[in-house]
Amino acid sequence: MQIAFAGSRLDRADHIRADPDRLESLMDWRARLLRLDGLDPEITPDGKLAWGTLADAAPDSELVFLGLRDGKGCFAEVAAKLIGSVAPANPRLWAAMSALDPEELATYGAARSLVDWHARHRFCARCGAPTRLAKGGWQRNCTNDACKGEHFPRVDPVTIMLVEHSGRLLLGRQPRFPPRRFSALAGFVEPGESIEEAVAREVLEEAGVRVTSVSYIASQPWPFPSSLMMGCHAVAADDALTIDTTELEEADWFTREEVAAAMAGDEGGRFLAPPPQAIAHHLLKWWLER
């Protein structure tokens with residue numbers, strides 16, 4: 001199962017992050033700088049990520065160490081213009097991501113998550129003092145000597161689940177989805193919850209359905225801004241729906257034939273499948289191929 005945003009060939013080189021001298025030695029003329037337009041990737045005419053040199057970075061930028069490739073240090077820039085700003089939705093982003101091969105898309109996804117985190121975490125959550133980049137960008141440290149708080153890039157766990165009953169799948173659509181697009185139900189894992197408990201709670205809250213037999217299928221790093229999507233399968237106790245309209249615009253049960261038609265791209269079918277970049281697409285494919 002080839003999942004979008006997973007599979008980067010970069011060596012993250014954790015042993016280098018805590019070695020300032022070794023890290024500095026990589027910041028030479030051979031180092032590569034991932035070129036970003038805000039948080040979006042710059043793509044070359046042949047459909048590759050665009051890379052420059054460290055000389056392309058603005059003097060007031062922070063540099064995040066992404067890892068090693070062919071012995072060269074790879075970095076991304078936290079540009080000053082990103083700090084305190086909200087990146088607007090770019091309608092070209094999905095087309096750009098479709099042009100990248102899986103390995104490059106994974107490299108971009110990790111860089112986007114890191115850069116976005118640094119741009120939004122300039123102050124200590126403990127005392128409010130400014131923070132500074134540490135360990136090559138995989139940590140930020142509080143500048144207040146009385147605090148010395150250490151902060152690390154955040155990843156938010158999210159469950160996304162196929163719910164099955166008598167050979168049909170429960171799918172829903174959020175108001176922000178394109179017309180007729182349905183997908184698997186999903187929700188954030190809350191403090192003190194297991195994955196199984198989060199699946200059961202989210203399905204009950206959003207659709208009024210109680211589930212059992214929760215099992216794990218696959219996961220996906222999702223860099224918008226930085227989630228880990230944990231794909232699961234569950235069995236519904238019954239098919240009666242009570243939809244929370246603050247979460248879902250619509251939800252319903254779909255037969256195997258209807259799911260197969262959507263995955264085959266049949267625009268005249270009952271619904272449109274999620275795009276291949278989303279783990280929901282692969283979960284539906286997994287279900288059809290079982």
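In what follows, the structure referred to is the one given above.
Keep in mind that what you see is a predicted model, and the values were worked out from it rather than measured.

Rules behind the numbers
- Residues numbered from 1 in each chain as written.
- Predicted model: local features only at pLDDT ≥ 70, side-chain atom pairs only at ≥ 80, totals over all residues.
- Heavy atoms only, no water.
- Helix = DSSP H or I, 4+ residues; strand = E, 2+ residues; numbered from the N terminus.
- Contact = heavy atoms within 4.5 Å.
- Areas by Shrake-Rupley, 256 points an atom, 1.4 Å probe, with all protein chains shown as cover.
- Pairing = 2+ DSSP bridges.
- Core = buried A, V, L, I, M, F, W, Y, C linked by side-chain atoms within 4.5 Å.
- Buried < 20%, exposed > 50% of the residue type's maximum accessible area, 1.4 Å probe, protein only.
- Disulfide = S-S within 2.5 Å.

Draft legend 1. Region of interest: the overall build of the chain. From N to C terminus, the chain includes 7 helices and 15 strands. Across its three principal directions, the C-alpha atoms of the chain cover 60 × 50 × 30 Å. Within the chain, residue pairs in contact and separated by at least 24 positions form 61% of the contacts whose partners lie at least 6 positions apart. Of the roughly 14700 Å² of accessible surface on the chain, a fraction of 51% belongs to carbon and sulfur atoms.

Draft legend 2. Layout of the sheet that holds strand β5 (residues 62-69). Pairing is mixed across the open sheet formed by 4 strands, whose spatial order is β4-β1-β6-β5. Of all the strands in the sheet, just β4 (51-52) and β5 have a single pairing partner and so form its edges. For strand β1 (residues 32-34) and strand β6 (residues 72-78), the ladder comprises 3 bridges, and the chain directions are parallel. By the bridge assignment, L33 is partnered in β6 with F75.

Draft legend 3. Representation of the sheet that holds strand β8 (residues 139-142) in the model. Taking strand neighbours across the sheet as the criterion, the 3 strands line up as β7-β8-β9 in an open arrangement whose pairing is antiparallel. For this open sheet the edge positions go to β7 (131-134) and β9 (150-151), each flanked by a neighbour on one side alone. Of the strand pairs in this sheet, β7 and β8 are connected by 4 bridges, and their pairing is antiparallel. Among the inter-strand pairings, R132 is bridged to a residue of β8, identified as N141.

Draft legend 4. Quick look at the environment of L82. Tracing the backbone through its elements, the reader meets L82 in the loop between β6 and α3 (93-99). It is 8.5 Å that separates the C-alpha atoms of L82 and R120, two residues lying 38 residues apart in sequence. The residues touching L82, leaving out its near neighbours within four places in the chain, are G38, L39, V115 and A119.

Draft legend 5. Spotlight on the nonpolar core. The biggest cluster of nonpolar side chains holds 45 residues, and the ones touching the most others in it are L66 and Y108. When residues in this core are grouped by element, the largest group, 6 residues, is from helix α4 (residues 102-120). With sequence-adjacent residues up to four places away left out, L66 is seen in contact with L10, R12, L34, W51, C74, F75, A76, A111, L114 and W138. Grouped together as the second largest cluster of nonpolar side chains are 15 residues, V163, V199, V209 and C232 included.

Draft legend 6. Seen up close, unusual backbone geometry. Look at the link from F224 to P225: it is a cis peptide, with omega at 5°. Secondary-structure assignment places P225 in the loop between β13 (211-222) and β14 (227-236). Of note, D70 is a non-glycine position whose phi angle comes to about 55°, a positive value. Positionally, D70 belongs in the loop between β5 and β6. In the Ramachandran plot, R180 falls in the positive-phi region, its phi being about 70° despite a non-glycine side chain. Along the chain, the position of R180 falls in the loop between β11 (168-173) and β12 (185-188).

Draft legend 7. View of the environment of A18. Looking at the secondary structure, you find A18 in the loop between α1 (14-17) and α2 (20-25). Spatially, the C-alpha atom of A18 lies 9.5 Å from that of W138, the residues being 120 residues apart in sequence.

Draft legend 8. Structural detail: the state of the cysteines. Taken as a whole and judged by the stated rule, the model has 0 disulfides. With no disulfide of its own, C142 lies 3.5 Å from the sulfur of C127, the closest cysteine sulfur. Classification of C142 by relative accessible area gives buried; the value is 5%. Of all cysteine sulfurs, the one in C124 lies closest to C147, which takes part in no disulfide; the gap is 3.8 Å. By relative accessible area, which is 13% here, C147 ends up buried.

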